[in-house]
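So the chains spell out like this:
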Number of protein chains: 2
Amino acid sequence: MKKEALSRRDALKFGALGAGLAVFGASNAFAAAPLEKDVKFDEEYDVIVIGTGFAGLAAAAKAAQRGNTVLIVEKMGRIGGNSAINGGAFAVPNNPDQKKHGIEDSAERFIADSLKAGLGINHVELLEVIAARAIDAFEFSRECGAEYKLGDKPSWFGGHSVPRTLVTSDMTGAGIIKPMTEFVEKLPRCKIYRRTKFDDFVLDAGGRVVGIMARTNYRFDSKLFSDDLENTTGEKKVYKAKKGVVLASGGFSADRIYRKLQNPQIPDNSDTTNHAGATAGAMLKAFQIGAFPVQVDWIQEGPWASPDERGFGVGPQLNQQGLFKYGIVVDVRNGKRFMNELADRKTRADAQYKILKEAPEAFPVALGTYNTFDKQILPLVEKGLATGVMKKYNTLDELAADRKIPVAALKESVAKFNEGVKKGVDEFGKPVASFNGECIDMKGPFYSTRTAPKPHHTMGGVKINTKAQVISALTNKPIPGLFAAGEVTGGTHGASRLGSCAVTDCLTFGMIAGENI
Amino acid sequence: MKKEALSRRDALKFGALGAGLAVFGASNAFAAAPLEKDVKFDEEYDVIVIGTGFAGLAAAAKAAQRGNTVLIVEKMGRIGGNSAINGGAFAVPNNPDQKKHGIEDSAERFIADSLKAGLGINHVELLEVIAARAIDAFEFSRECGAEYKLGDKPSWFGGHSVPRTLVTSDMTGAGIIKPMTEFVEKLPRCKIYRRTKFDDFVLDAGGRVVGIMARTNYRFDSKLFSDDLENTTGEKKVYKAKKGVVLASGGFSADRIYRKLQNPQIPDNSDTTNHAGATAGAMLKAFQIGAFPVQVDWIQEGPWASPDERGFGVGPQLNQQGLFKYGIVVDVRNGKRFMNELADRKTRADAQYKILKEAPEAFPVALGTYNTFDKQILPLVEKGLATGVMKKYNTLDELAADRKIPVAALKESVAKFNEGVKKGVDEFGKPVASFNGECIDMKGPFYSTRTAPKPHHTMGGVKINTKAQVISALTNKPIPGLFAAGEVTGGTHGASRLGSCAVTDCLTFGMIAGENI
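Residues numbered from 1 in each chain as written. Chains lettered and ligands numbered in written order. Predicted model: local features only at pLDDT ≥ 70, side-chain atom pairs only at ≥ 80, totals over all residues. Heavy atoms only, no water.

Asker: What is the right way to look at the packing of helix H6 (residues 124–143) of chain A against helix H16 (residues 501–516) of chain A in this model?
Answerer: The axes of two packed helices give the description: the angle between them and the distance between them. All names here are of chain A. Closest axis-to-axis distance for the H6/H16 pair is 8 Å, and the angle between their directions is 85°. Considered as vectors, H6 and H16 are oriented roughly perpendicular to each other. Counting all contacts with H6, which are made through Leu126, Val129, Ile130, Arg133, Ala134, Asp136, Ala137, Phe140 and Ser141, the residues of H16 involved are Thr504, Asp505, Leu507, Thr508, Phe509, Met511, Ile512 and Glu515. Here the residues of the contact of H6 with H16 are counted per class, giving ten nonpolar, three polar and four charged. (Axes fitted to C-alpha atoms, helices over the stretch in contact; angles between N-to-C directions. Helix = DSSP H or I, 4+ residues; strand = E, 2+ residues; numbered from the N terminus. Parallel < 35°, antiparallel > 145°, perpendicular 65-115°, else oblique. Contact = heavy atoms within 4.5 Å. Nonpolar A, V, L, I, M, F, W, Y, C, P; charged D, E, K, R; others polar.)

Asker: Hey, could you run me through helix H16 (residues 501–516) of chain B in this one?
Answerer: Spacing of three or four residues puts side chains on the same side of an α-helix, whose turn is 3.6 residues. Between its first and last C-alpha atoms H16(B) spans 22 Å; for 16 residues at 1.5 Å apiece the expected length is 22 Å, and the two agree. Within H16(B), 14 of the 16 residues are buried, leaving the element largely enclosed by the surrounding structure. (Expected span 1.5 Å × (residues − 1). Buried < 20%, exposed > 50% of the residue type's maximum accessible area, 1.4 Å probe, protein only.)

Asker: Is there a simple way to think about the sheet that holds strand S4 (residues 148–149) of chain B in this case?
Answerer: Residue and element names in this part refer to chain B. Read across the open sheet, the three strands follow the order S3-S5-S4; overall the sheet is antiparallel. If you trace the sheet from one side to the other, it starts and ends with strand S3 (89–91) and S4, each paired once. With two bridges connecting them, S4 and strand S5 (residues 165–168) associate as antiparallel partners. Across the sheet, the residue bridging to Tyr148 is Thr168, located in S5. Across the sheet, helix H6 (residues 124–143) is in contact with S3, S4 and S5; its angle to S3 comes to roughly 145°. (Pairing = 2+ DSSP bridges.)

Asker: What exactly am I supposed to notice about the environment of Asn95(B) here?
Answerer: Residues and elements named next belong to chain B. If you trace the backbone, Asn95 turns up in the loop between S3 and helix H4 (96–100). Classification of Asn95 as buried rests on a relative accessible area of 0%. What Asn95 contacts, discounting residues up to four positions off in sequence, is Ile135, Pro154, Arg164 and Leu166. Separated by 3.0 Å, the side chain of Asn95 and the backbone nitrogen of Asp97 make a polar contact. At 2.8 Å, the side chain of Asn95 and the backbone nitrogen of Gln98 are in polar contact. (Polar contact = N/O pair within 3.5 Å; in protein donor to acceptor, adjacent residues only side chain to side chain.)

Asker: Would you take a moment to explain the pattern of salt bridges for this structure?
Answerer: Opposite charge on two side chains allows them to pair when their charged atoms are near. Residues and elements named next belong to chain A. In the structure shown here, the tally under the stated rule is 58 salt bridges over all chains. The salt bridge involving Asp136 is made with Arg133; its shortest N-O contact spans 2.9 Å. Within this pair, Asp136 and its partner Arg133 are both found in helix H6, separated by three residues, close to a single helical turn. Taken together, the salt bridges that share partners define one network made up of Arg337, Glu341, Asp426 and Lys430. (Salt bridge = Lys/Arg side-chain N within 4 Å of Asp/Glu carboxyl O.)

Asker: What's the story with the domain arrangement of chain A in this structure? I'm lost.
Answerer: Note: interface size is frequently given as the accessible area lost on complex formation between the parts. All names here are of chain A. Assigned domains of chain A: these are domain 1 (28–303 + 458–517) and domain 2 (308–452). The C-alpha-based centres of domain 1 and domain 2 are spaced at 32 Å. Interface of domain 1 and domain 2: buried area, both sides summed, is about 2,200 Å²; carbon and sulfur atoms make up 54% of it. Taken as a group, Trp156, Met171 and Pro303 account for 30% of the area that domain 1 buries against domain 2, more than any other trio of residues on that side. (Domains from an automatic or database assignment. Buried area = accessible area lost by both parts, 1.4 Å probe.)

Asker: Where do I start with the sheet that holds strand S3 (residues 89–91) of chain A in this structure?
Answerer: Consider a sheet: its strands pair through backbone hydrogen bonds, and that pairing is either parallel or antiparallel. All names here are of chain A. Taken in spatial order, the three strands of this open sheet run S3-S5-S4, and their pairing is antiparallel. Edge strands, defined here as strands with exactly one partner in the open sheet, are S3 and strand S4 (148–149). With three bridges connecting them, S3 and strand S5 (residues 165–168) associate as antiparallel partners. Bridge pairing links Phe90 to Leu166 in S5.

Asker: Any chance you could explain the packing of aromatic side chains here in plain terms?
Answerer: Geometrically, a pair of aromatic rings is defined through the distance of the ring centres and the angle of the planes. All names here are of chain A. Counted by the stated rule, this structure contains 23 aromatic pairs over all chains. Judged by centre distance (4.9 Å) and plane angle (65°), the rings of Phe252 and Tyr258 are edge-to-face. An identical accessibility class is assigned to Phe252 and Tyr258; each is buried. (Phe/Tyr/Trp six-rings, centres within 6.5 Å; stacked < 30°, edge-to-face > 60°.)

The structure is reproduced here in structure tokens:
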């Protein structure tokens, strides 16, 4: 080996990897996954799952239910990744609450909505699976203990042509993650190793995935520019997976290197709605064993995020189920609306970026009144005010003065919007006809947030088939022993995922991976 | 090895690869590149270049000029890939003909134009290199024997804010490829193996690229659904590259599998402007040894292609330097214009796709008069008429009848466009002010083509730095011994490459790879 070619990363690999390996040092460490014949397995399972989000837990729960021994590895100290900080909104086409309230939905309608947001590049065969089986995933999550607010009319999320979104009882993804974690931890055949970092796949001589390299006692360090490349903590272990591995490592919205390669407009220090562990490392390893990279540059910027808090926070819910919905968003420089506040995320983020490019501090302002919030979201209103993400004003004059918006134009924008609601026609195409005349209440008080896009969901990833098997670029067939589900996969959402379809995608394909492995 | 895991492709690899390998059969063939210790080299060079397009030949010529022994491998029987069938248009910012004609250009202007077409996701550091060194690449191509039409005002291509495009004397890329091929074949240290297919990289134990696996006497077969996966012809060879390998294998517009994974809207049987060998195989191999996949889903559809001929043909030049420029394009269903015919390619292709989705046979029609063609393109007019790609009519009535366009609306569209030209303002934002009143001549005769998008250029690929070194996802540093240039790289053009910037990108970064290897 040439000494000059060794970087810090190389040293890490060659050094730290040594423990569990027989002849690894002489092998092709940079580019190739280790081979079964070169490793000594520390532990053995039927199935190994990488990641404890919706997809990983659903895969593990289903696989364990089917009698398999399952190890789930989670690099963070906390279970659930982004799923635990998600808003708990779950689009379920053809769900019972739609039927109860006379809302006509169909698989075709769901697929058409997804294709519209996805700019037509979605992989339709994956959408078909979701449309058909989201209801099963919903029931499976309830079987695992998740609870939903049921009985009311489903929520209507941006880009969906009908209300089809169910929400957990506590309005967070933790409402699914917590019971599912308890569920899998109670199963005698299933366990979770926290602070255990996936490093690489182990292959047999035929190219089948038969295990993973990992490090236990891993301490994720969000202060590193790239935890994946720089973190040397932990002790090397090699785990055998007799039936296969499910990659459910999530997206890369927090990966400063990979997200910027796809969209150089994202500043290194940009906040994200994601948890700090949302990095590309595991997905890139899958590419290196031959997984097809699909549509990797579509990064969804949550258009409803708040620049006045870190991470996901409360802004997204206050906006999505409140101010963006029955209220309006204006350009602070002229007091005018500039988008359909319920358009798909890309359309909205692009509209915001246009403003922020011209004036980096001119965060668009959302506003509405108490009746503007969905009933379910009312408990969050006080939280929003307490954290400063939302502010409350007695009059539009006060609001305009504080937010530095031309007041006459602002009043005109509100009046024009209200007129449109009454007529059932909105100048930006917002579906106001369904509002039953529910307007911004001119008596006030007025609620308002500042908005800014934050990287939220990465649409691209590895290519899977309808059985959640990862497809190899070397054969255009499944990589034996490798499954994937959730945000690490690409194609399902095309150019832009519709709101509340992450839970749908992750739980459905996680469950399917668990069924097929 | 598990027998059931062996597909036809696997059999191919395990069988055909055997010849040059010592212990390959027991190694990790599916996912990993072979190791130096496991192969026996048949031949040895300083530099190996994969591909004989603009990028490959420029890299080889420059590397050989610097005293290196160079082998260029080309899988096809013909030299030049897409470059040989390219239109020979070469955007050179700050070129002498701009200066001669008082056209102010700058690096900043070129970068701004590229970013606008690229939707802001271009890798600016690569654009900066092109802006600064395109002129060197232009001079280098002349040193290698390429000849250009010089002295006139440069051509003005869609999306460029100024005329900056120089064109070869024979108006084809062959005008560069032919002399460059002769140039490198005359160099005592440089040779080209035709019908030699790159199969994989060979790495040393430190991860450095030290050679390639290839097959000689390869017979590319365009009848196969995937030549990369199904073609078993040829005899295995292993070539050593002491200083490194330059990947210049081009894009994947003809790859039915990979282009469809990125844009499922492209039908399997869709024609392309590219030669049949434009497949993803070599690029995917680079991903497997760790190259970062960048922006792989942006596929540019040439909006000026013709459904009345195969491949690139003559339509693109007749339209780009003729009917799209000083003429107009109309929707045959209503006789109306629907786009700025000089907008960026994505905008135009999207506008056409919208029509073709509604009515798959309603190919938009371009039209103009003899004065509508650039002087340089006049020799092609007869060719267009002879092949049936273009038709000639005495009157607009004849044209409308034959093309099945509502005649009154068509006449109104032409009149309205001509008025706009006279006023210097176009309803679709076409830069008609620069036309000096040059209108569609109502006296006729009228020339017309049908238009349709064809996959033309794949923007994504491997990540390179400003020295054309391929960056590894494992280290975020160069993969030792691996360079890349041209369409196989990603990031430079962002979401959409500007017309006539392919030659620029390929020759500039090819030359730079040759300088740095």
